[in-house]
Amino acid sequence: MLEPNAPTAIGKAGSDAKPRSRLQRIQAGEPVETITHEAILAEDPCLQIERFNLWYGPKQALHDNAFVVPRGKITALIGPSGCGKSTLLRSMNRLNDLIDSVRVTGEMRLNGDPIYAPGVDVIELRKRMGMVFQKPNPFPMSIVENVVYALRIDGERDRRVLREAAERALRGAALWDEVKDRLEDSALGLSGGQQQRLCIARAIAADPEILLMDEPCSAPDPIATGRIEDLMQDLRGDYTIVIVTHNMQQASRTSDCTAFMYLGRIVEFGPTADLFQKPRLKETEDYITGRFG
């Protein structure tokens, strides 16, 4: 029995409790507004995302995400493993549609065109977006046929057009000089780093509006990683690029803008230099400096 005027456990906890951090509130499932730097709002958007949510069956994986991908720049998605970076990336070209239990709400627009509106031709949508995966996935065919695959399935049969497109894409992927004398050889004979650059060439051959890259440097060796990072810089401006990476140094080296994600939410989004040097949130600083994650 409590003595008169003795503090209850609830009252004591309430008086001693520290304010909860933004990440603790996210863990508790509370809505938390994204901190977006003003400089981002002045950018010309290629892709716009508004209050986007995604569920795998009963489990919600993305929560009220809202941000813009600036045109002609590289945007990096960073955050702990399992925070939803790849899920958000794959939502941009509706690859998650291949999973039966997926349900979404909210909006995404590519150059003003709705991505999730009823009646959208998903095949045509994906032609507007190049995709590069974590592991190189060349097709078991020649180098040149890998590059022009998308053009062939779209009905192009003119050999001159196909060869010109292949050379242009291979040059764009900084691979032409290494393979120009063996274009008819199997792509499976290339090194891992070369295979990844081949996949980038295949992605840009159809001249997409945006290039999505899901940890493209996680498999290649350090030399190949450097080449792919250099390639991304070469492609900047000609393409809008979104890259998922777990490597803080890579994000700071290669991207113009960075979004920090945690448990399916974009916590802070701003110019990369600002996010890494003077983030608005202590939680962002803690993640970038390795205090957690």
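Residues numbered from 1 in each chain as written. Predicted model: local features only at pLDDT ≥ 70, side-chain atom pairs only at ≥ 80, totals over all residues. Heavy atoms only, no water.

## Quick notes on the overall build of the protein chain
Let me state the cut-off plainly: Starting at the N terminus, helices and strands are each numbered in turn, a helix being any DSSP run of H or I of at least four residues and a strand any DSSP run of E of at least two. Only protein chains enter the accessibility calculation, which uses a 1.4 Å probe; a residue is then buried when its area is under 20% of its type maximum, exposed when over 50%, and partly exposed in between. We call two residues in contact when some of their heavy atoms are within 4.5 Å. In these tables, accessible area is a Shrake-Rupley quantity obtained with a 1.4 Å probe, and a residue counts as shielded only by the protein chains included in the view.
Looking only at helices and strands, the protein chain features 14 helices and 11 strands. Taken across its 293 residues, the protein chain has 47% of its residues classed as buried. Looking at the protein chain alone, contacts between residues at least 24 apart form 69% of all its contacts between residues at least 6 apart. Surface accessibility of the protein chain: about 14,600 Å² in total, with carbon and sulfur atoms responsible for 50%.

## Thoughts on the nonpolar core
Buried together is how nonpolar side chains tend to be arranged in soluble globular proteins. Rule in force here: Residues enter a nonpolar core if they are buried and are Ala, Val, Leu, Ile, Met, Phe, Trp, Tyr or Cys, with the set joined through side-chain atoms within 4.5 Å.
Grouped together as the largest cluster of nonpolar side chains are 49 residues, with contacts concentrated most on Val-147, Leu-170, Leu-198, Ile-200, Leu-211, Met-213 and Leu-235. Setting aside chain neighbours within four positions, we find Leu-211 in contact with Gly-130, Met-131, Val-132, Ala-203, Ile-204, Leu-235, Thr-240, Ile-241 and Val-242. Among the nonpolar cores identified, the runner-up in size contains 33 residues, and Met-92, Tyr-116, Val-244 and Met-261 belong to it.

## Focus: the sheet that holds strand 3 (residues 59-70)
Here is the rule we go by: At least two DSSP bridges between two strands are needed for those strands to be called paired. To define axes, lines are fitted to C-alpha atoms, for helices over the stretch in contact only, and angles between the resulting N-to-C directions are given on a 0 to 180 degree scale.
Spatially, the 4 strands line up as an open sheet ordered 3-2-5-6, and their pairing is antiparallel. Among the strands making up the open sheet, the edge pair consists of strand 3 and strand 6 (113-114). Here helix 4 (residues 85-92) sits on the sheet in contact with strand 2 (45-56), strand 3 and strand 5 (102-110), set at roughly 120 degrees to strand 2.

## Some remarks on the pattern of salt bridges
When charged atoms on two side chains of opposite charge get close, those side chains can pair. Let me state the cut-off plainly: Any carboxyl oxygen of Asp or Glu within 4 Å of a side-chain nitrogen of Lys or Arg constitutes a salt bridge here.
One pass over the structure, following the stated rule, counts 22 salt bridges. A salt bridge links Arg-280 to Glu-38; the shortest N-O distance between them is 2.8 Å. With Arg-280 in the loop between helix 13 (272-277) and helix 14 (282-288) and Glu-38 in helix 3 (residues 38-41), this pair connects stretches of sequence that are 242 residues apart. Judged by its relative accessible area of 51%, Glu-38 falls in the exposed class. Here Arg-128 ties to Asp-113 by a salt bridge, and the two come within 3.1 Å at their closest N and O atoms. On the criterion of sequence distance, the pair formed by Arg-128 in the loop between helix 5 (122-127) and strand 7 (129-132) and Asp-113 in strand 6 is long-range, its members being 15 residues apart.

## Examining the sheet that holds strand 8 (residues 210-214)
Strand order in the open sheet formed by 7 strands is 1-11-10-4-9-8-7, and the pairing between neighbours is mixed. The open sheet is flanked by strand 1 (35-36) and strand 7, the only strands paired with a single partner. Pairing geometry for strand 10 (residues 257-262) and strand 11 (residues 265-271), over 6 bridges, is antiparallel. Along strand 11, the bridge assignment pairs Tyr-262 with Arg-265.

## Quick notes on unusual backbone geometry
A positive phi is found at Arg-51, a non-glycine position, where the angle reads about 45 degrees. Within the fold, Arg-51 resides in strand 2. Judged by relative accessible area, which is 55%, Arg-51 ranks as exposed. Even without being glycine, Ala-174 reaches a positive phi, approximately 55 degrees. For Ala-174, the position within the fold is in the loop between helix 8 (159-172) and helix 9 (176-179).

## Considering the packing of helix 8 against helix 10 (residues 192-204)
When two helices pack together, their arrangement is given by the angle between the helix axes and by the axis-to-axis distance. Put simply, the rule is: Each angle receives one of four descriptions, namely roughly parallel if under 35 degrees, roughly antiparallel if over 145, roughly perpendicular if within 65 to 115, and oblique otherwise. By definition, any crossing whose near helix is turned counterclockwise from its far helix by less than a right angle is left-handed, and any crossing with a clockwise turn is right-handed. When residue character is reported, Ala, Val, Leu, Ile, Met, Phe, Trp, Tyr, Cys and Pro are called nonpolar, Asp, Glu, Lys and Arg charged, and the others, Gly included, polar.
Put simply, helix 8 and helix 10 touch, their axes get as near as 8 Å, and they point 130 degrees apart. In this view, helix 8 runs oblique relative to helix 10, as classed from their interaxial angle. In this structure, helix 8 meets helix 10 at a crossing whose hand is right-handed. Facing helix 8, whose interface residues are Ala-169, Leu-170 and Gly-172, helix 10 presents Leu-198, Ala-201 and Ile-204. By residue class, the composition of the contact of helix 8 with helix 10 is 5 nonpolar, 1 polar and no charged.

## Points about the confidence of the model for the protein chain
As a reminder, the rule being used: pLDDT measures the predictor's confidence residue by residue and takes values from 0 up to 100.
Summing up the model confidence of the protein chain, the mean pLDDT is 91 and the portion of residues at 70 or higher is 93%. Across residues 1-15, confidence stays below pLDDT 50; counting only partners more than four residues off in sequence or on other chains, it has 1 contact.

## A closer look at the packing of aromatic side chains
Where we set the bar: Geometry of aromatic contacts follows a simple scheme: Phe, Tyr and Trp rings, the Trp one being its six-membered ring, pair when their centres are within 6.5 Å, and the pair is stacked under 30 degrees between planes, edge-to-face over 60, tilted otherwise. Throughout this description, the term charge over a ring refers to an Arg CZ or Lys NZ atom that lies within 6 Å of the ring centre and within 35 degrees of the ring normal.
Taken as a whole, this structure holds 7 aromatic pairs when the rule is applied. Note on Phe-52 and Tyr-116: the rings are 5.3 Å apart at their centroids and 50 degrees apart in plane angle, and the pair reads as tilted. One end of the pair, Phe-52, is in strand 2; the other, Tyr-116, is in the loop between strand 6 and helix 5, with 64 residues separating them in the sequence. Relative accessible area serves as the criterion here: at 0%, Phe-52 is assigned to the buried category. Here a set of aromatic residues connected by ring pairs shows up, and it is made of Phe-260, Tyr-262, Tyr-287 and Phe-292. Positioned above the aromatic ring of Trp-55, the side-chain terminus of Arg-103 is 4.0 Å from the ring centre. Against the face of Phe-139 rests Arg-202, its NZ or CZ located 4.0 Å from the ring centre.

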